[in-house]
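Chain by chain, the residues run as shown.
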Amino acid sequence: SDTARVVAVICAIFISFTYIAGQMQGVGIAFSRFLEIPVEAGVVIGGLVVLMYAGLGGMKGITYTQVAQYCVMIFAYMTPAIFISMQLTGSPIPQLGLIGDASDGTPLLVKLDGMLTELGFNEYTDGSKGMFDVFAITLALMAGTAGLPHVIIRFFTVPKASDARKSAGWALLFIAILYTTAPAVAVFARMNFIETVNDSVYDQSVVAEGEQATPDWFYRWENTGLLGVEDKNGDGRVQYTADPETNEVTTLNRDIFVLANPEIADLPGWVIGLVVAGGIAAALSTAAGLLLVISSSISHDLCKKVLMPDMSEKRELLIARLSAAGAVGIAMLAGIYPPGFVASVVALAFGLAAASFFPAILLGIFWKRATREGAIAGMSTGLAVTAAYILVYKIFGWVPNNAEHWFLGVSPEGFGTIGMMISFVVFVSVSLMTPAPPKDVQDMVERIRLP
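Residues numbered from 1 in each chain as written. Predicted model: local features only at pLDDT ≥ 70, side-chain atom pairs only at ≥ 80, totals over all residues. Heavy atoms only, no water.

S.K.: How should the overall build of the chain be read in this particular structure?
M.R.: Counting its regular elements, the chain contains 15 helices and four strands. Since a compact globule built from 451 residues should have a radius of gyration of about 22 Å, the 24 Å found for the chain is in line with a globular shape. Relative to its 451 residues, the chain shows a buried fraction of 47%. Across the chain, the fraction of contacts at a sequence separation of at least 24, relative to all contacts at a separation of at least 6, is 70%. Accessible area for the chain stands at about 21600 Å²; split by element, carbon and sulfur atoms hold 66% of it. (Helix = DSSP H or I, 4+ residues; strand = E, 2+ residues; numbered from the N terminus. Rg over C-alpha atoms; globule rule 2.2 N^0.38 Å. Buried < 20%, exposed > 50% of the residue type's maximum accessible area, 1.4 Å probe, protein only. Contact = heavy atoms within 4.5 Å. Areas by Shrake-Rupley, 256 points an atom, 1.4 Å probe, with all protein chains shown as cover.)

S.K.: Any chance you could explain the nonpolar core here in plain terms?
M.R.: One broad rule of soluble globular proteins: the nonpolar side chains tend to lie buried together. One finds Trp217, Trp221 and Ile256 to be the most contacted residues of the largest nonpolar core, which totals 93 residues. With 13 residues, the single largest contributor to this core is helix H10 (residues 269-307). If we skip the residues at most four places from it in the chain, Ile256 touches Ile29, Trp221, Leu226 and Leu227. One finds Ile74, Ala81, Val185 and Ala282 within the second-largest nonpolar core, a separate group that totals eight residues. (Core = buried A, V, L, I, M, F, W, Y, C linked by side-chain atoms within 4.5 Å.)

S.K.: Looking at this structure, I do not really get the packing of aromatic side chains. What am I missing?
M.R.: Aromatic ring pairs are defined here through the distance separating the ring centres and the angle between the ring planes. For the structure shown, the criterion picks out 16 aromatic pairs. Measuring from ring centre to ring centre gives 6.3 Å for Tyr202 and Phe218, while their planes differ by 85°; the resulting arrangement is edge-to-face. Linking Tyr202 in the loop between strand S1 (200-201) and helix H8 (216-222) with Phe218 in helix H8, this pair joins segments that are 16 residues apart in sequence. For Phe218, a relative accessible area of 0% puts it in the buried group. (Phe/Tyr/Trp six-rings, centres within 6.5 Å; stacked < 30°, edge-to-face > 60°.)

S.K.: Is there a simple way to think about a nonpolar patch on the surface in this case?
M.R.: Residues Phe132, Phe135, Phe407 and Leu408 make up a contiguous nonpolar surface patch of about 440 Å² in total accessible area. When you line up the elements, Leu408 lands in the loop between helix H13 (372-395) and helix H14 (415-433). (Patch = residues over 30% accessible without salt bridge, like charges linked within 9 Å, V, L, I, M, F, W, Y side chains within 5 Å. Salt bridge = Lys/Arg side-chain N within 4 Å of Asp/Glu carboxyl O.)

Distances and angles like these do not, on their own, reveal function.
Below, the structure is given as structure tokens:
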């Protein structure tokens with residue numbers, strides 16, 4: 001179905017551009033700290049690097065670079081987490097450190113809650129979102145992972161289905177290690193930031209005996225423009241509080257903390273360099289995969305299969321490279337002027353994938369009565385509803401972006417779950433109202449499910 005193909009291309013481009021905006025923002029932050037340049041320049045450098053090896057290497061080249069980059073990323077992410085966990089709790093396993101005791105015998109999370117309430121913030125363990133919203137965000141991230149275009153195309157790089165299953169199993173293992181470490185990294189970063197920055201003396205030349213000087217890492221990140229302080233009361237100290245009138249940390253970009261974490265914890269220089277390398281590797285590998293999706297969707301699925309079926313492979317390759325160049329340009333702009341911080345932007349992409357591709361993939365494999373009309377209607381509705389919600393609340397701000405105005409209390413980051421439910425209902429309803437697929441298609445679906 002050419003119509004289904006075009007709808008799928010539109011979904012893939014929507015998802016990929018949303019996701020790549022977050023990745024380019026991450027690339028910019030990593031290069032900004034590594035090269036000590038403005039974030040905007042870091043985004044441009046990162047975009048050119050991605051374009052170079054995506055354009056020259058293609059699918060095979062990106063597959064090998066992603067393997068290498070993932071090895072760097074997981075090692076770079078876990079090493080400082082283990083170091084900091086041992087510093088704060090004595091446990092070399094960050095997951096156990098998170099639920100363990102601090103050096104003074106107080107449970108780590110209880111100690112952090114106390115530090116935050118003293119500064120006027122809510123307790124860390126209370127969270128800032130409702131339970132249903134957190135459930136919706138979690139489900140959107142899980143279902144969205146299965147529908148991400150740059151993940152799906154990786155399955156075409158192995159010769160057999162059994163190889164794809166094995167690689168998926170190993171990937172899930174390493175992803176589980178990475179994702180279960182993330183909550184611990186967040187707690188460690190929050191605690192170390194408060195202990196090293198709050199009530200420190202900003203002007204190190206006038207630090208008196210017994211006073212805490214603002215650490216050097218603060219000034220290094222201040223040079224990037226992602227962290228800064230305005231001494232509102234002129235006392236030369238940095239106050240980090242919930243009250244905007246007294247909070248003197250005026251520029252605090254949340255995206256810096258994974259990269260800044262080892263510096264905040266005063267870890268060795270090689271660990272800091274390793275984390276920067278891991279951050280760059282993670283962002284570049286994902287951005288390259290997304291770039292490949294965008295270029296191949298336009299050149300092969302749209303131009304070759306629908307618009308110009310007789311064009312040569314040489315022309316198809318030219319269109320792919322031009323598409324990649326155009327995509328990088330747009331991605332650079334999105335990275336310089338992002339709609340939110342990195343994790344938020346990425347969550348939006350996962351929600352779009354969950355609402356569009358996931359129902360089509362699941363029903364297409366496990367329900368032989370699924371029809372192309374149902375797939376087209378389901379993907380279109382899920383994408384349109386979710387994208388509209390994100391645009392209204394997150395991008396244009398036509399409606400205040402807070403829990404009082406959200407539909408069922410679900411934030412834009414979690415609305416992919418609602419969009420996915422709507423997509424499922426539309427997909428099934430339309431499929432039941434249209435003629436069943438022919439016998440050869442149903443037989444193909446049966447074969448897909450065989451081991």
